[in-house]
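This is what each chain is made of:
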Amino acid sequence: LLAQRAQLRYDTLYGDAMEEIRDGEKELADGWLEYRTERADAEKELADAYQELLEKDPGNTNLEESLAYLYARQGDLPHSAATYRKLTERNPYDQKLLENFITVLVSGNYLEEAELALERLKTDFPDNTTAEELEKKLAAAWEEQEGRRQEEPPEDAPLNEGDAA
């Protein structure tokens, strides 16, 4: 009987402690979500400010590069890639811009364009130290894409056996 009471007391204390942990995790998660939302809002305001400044000074490479980076941070890879594309066309001798462009292309799964840009990097900057790392990232992205393709059923395949009739 004493052991049962001790076990019941332990179970009660354990349950209370676990509930406090869950409540604490929820508060932490809520705080993290609030922080991320505020940060996203601030980044959106910053992107708007960069756009406004670029309207006044359209050739400002530093502003455009900051905007491309910000787009990438926000997960807006199409806009980031488009901005880096313009920048690398206007500044063909800027190795860092080209490296950042390739990184965004790989992240956005624009692999064919990333391959071309990587070849350009190796040709135009033969002494660069990042081409090998970028090549590995690109190869991994190709492998991942191929793995997804193999998992997908053929377009003409029925969804299940009942659909075949």
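Residues numbered from 1 in each chain as written. Predicted model: local features only at pLDDT ≥ 70, side-chain atom pairs only at ≥ 80, totals over all residues. Heavy atoms only, no water.

Student: Is there a simple way to think about the overall build of the protein chain in this case?
Tutor: The helix and strand inventory of the protein chain stands at six helices and zero strands. For the protein chain, the α and β elements follow one another from N to C terminus as α-α-α-α-α-α. Expressed as a percentage of the 165 residues in the protein chain, the buried residues total 22%. (Helix = DSSP H or I, 4+ residues; strand = E, 2+ residues; numbered from the N terminus. Buried < 20%, exposed > 50% of the residue type's maximum accessible area, 1.4 Å probe, protein only.)

Student: Please clarify how helix H6 (residues 131-151) should be interpreted in this entry.
Tutor: Residues spaced three or four apart along an α-helix face the same direction, because each turn holds 3.6 residues. The end-to-end C-alpha distance of H6 is 30 Å, a good match for the 30 Å that 21 residues give at a rise of 1.5 Å each. Taken as a whole, H6 has its buried residues at Ala131, Leu134, Leu138, Ala141 and Gln145. Mapping the buried residues of H6 onto a view down its axis gives an arc of 85°, with all of them on the same face. Residues of H6 that are exposed and point over 90 degrees away from its buried face: Glu132, Lys136, Glu143, Glu144, Gln150 and Glu151. Those residues of H6 that are buried lie in contact with helix H4 (95-107) and helix H5 (111-124). (Expected span 1.5 Å × (residues − 1). Arc of directions from axis to C-beta. Contact = heavy atoms within 4.5 Å.)

Student: How should the nonpolar core be read in this particular structure?
Tutor: Considering soluble globular proteins, one finds that nonpolar side chains tend to be buried as a cluster. Of all hydrophobic cores here, the largest spans 22 residues; its most connected members are Tyr84, Leu98, Phe101, Ile102, Leu118 and Leu121. The leading source of residues in this core is H4, at seven residues. Excluding its chain neighbours within four sequence positions, the residues that come into contact with Phe101 are Ala81, Tyr84, Arg85, Thr88, Glu113 and Ala117. Counting residues in hydrophobic clusters, the runner-up holds seven residues, among them Tyr50, Leu63, Leu67 and Leu70. (Core = buried A, V, L, I, M, F, W, Y, C linked by side-chain atoms within 4.5 Å.)

Student: Sorry if this is basic, but what is going on with helix H2 (residues 61-73) here?
Tutor: In this model, H2 (13 residues) spans 18 Å end to end at C-alpha, consistent with the 18 Å of a helix rising 1.5 Å per residue. Taken together, the buried positions of H2 are Leu63, Glu64, Leu67, Ala68, Leu70 and Tyr71. Axial view of H2: buried residues confined to an arc of 165°, hence all on one face. Here H2 starts with a cap whose side-chain oxygen sits 3.1 Å from the backbone nitrogen of Asn62, and that cap is Asn60. (Polar contact = N/O pair within 3.5 Å; in protein donor to acceptor, adjacent residues only side chain to side chain.)

Student: For this particular structure, what's the right way to read the packing of H4 against H6?
Tutor: Any two packed helices are characterised by how steeply their axes cross, that is the angle between the axes, and by the distance between the axes. At a closest axis distance of 10 Å, the pairing of H4 and H6 adopts a crossing angle of 15°. With respect to H6, the axis of H4 lies roughly parallel. Read as a crossing pair, H4 and H6 show a hand that is left-handed. Of H6, the residues touching H4 (which contributes Glu99, Ile102, Thr103 and Val106) are Leu134, Lys137, Leu138 and Ala141. Class assignment for the residues of the contact of H4 with H6 results in five nonpolar, one polar and two charged. (Axes fitted to C-alpha atoms, helices over the stretch in contact; angles between N-to-C directions. Parallel < 35°, antiparallel > 145°, perpendicular 65-115°, else oblique. Left-handed = near helix turned anticlockwise from the far one by under 90°. Nonpolar A, V, L, I, M, F, W, Y, C, P; charged D, E, K, R; others polar.)

Student: Please explain the environment of Tyr110 as it appears in this structure.
Tutor: Counting through the fold element by element, Tyr110 comes out in the loop between H4 and H5. Look at Tyr110 and you get partly exposed, because its relative accessible area is 29%. Expressed as a C-alpha distance, the spacing of Tyr110 and Ala141, which sit 31 residues apart in the sequence, is 9.6 Å. When neighbours within four sequence positions are excluded, Tyr110 is seen to be in contact with Leu77, Pro78, Ala81 and Leu105.

This is a description of form; function is not addressed.
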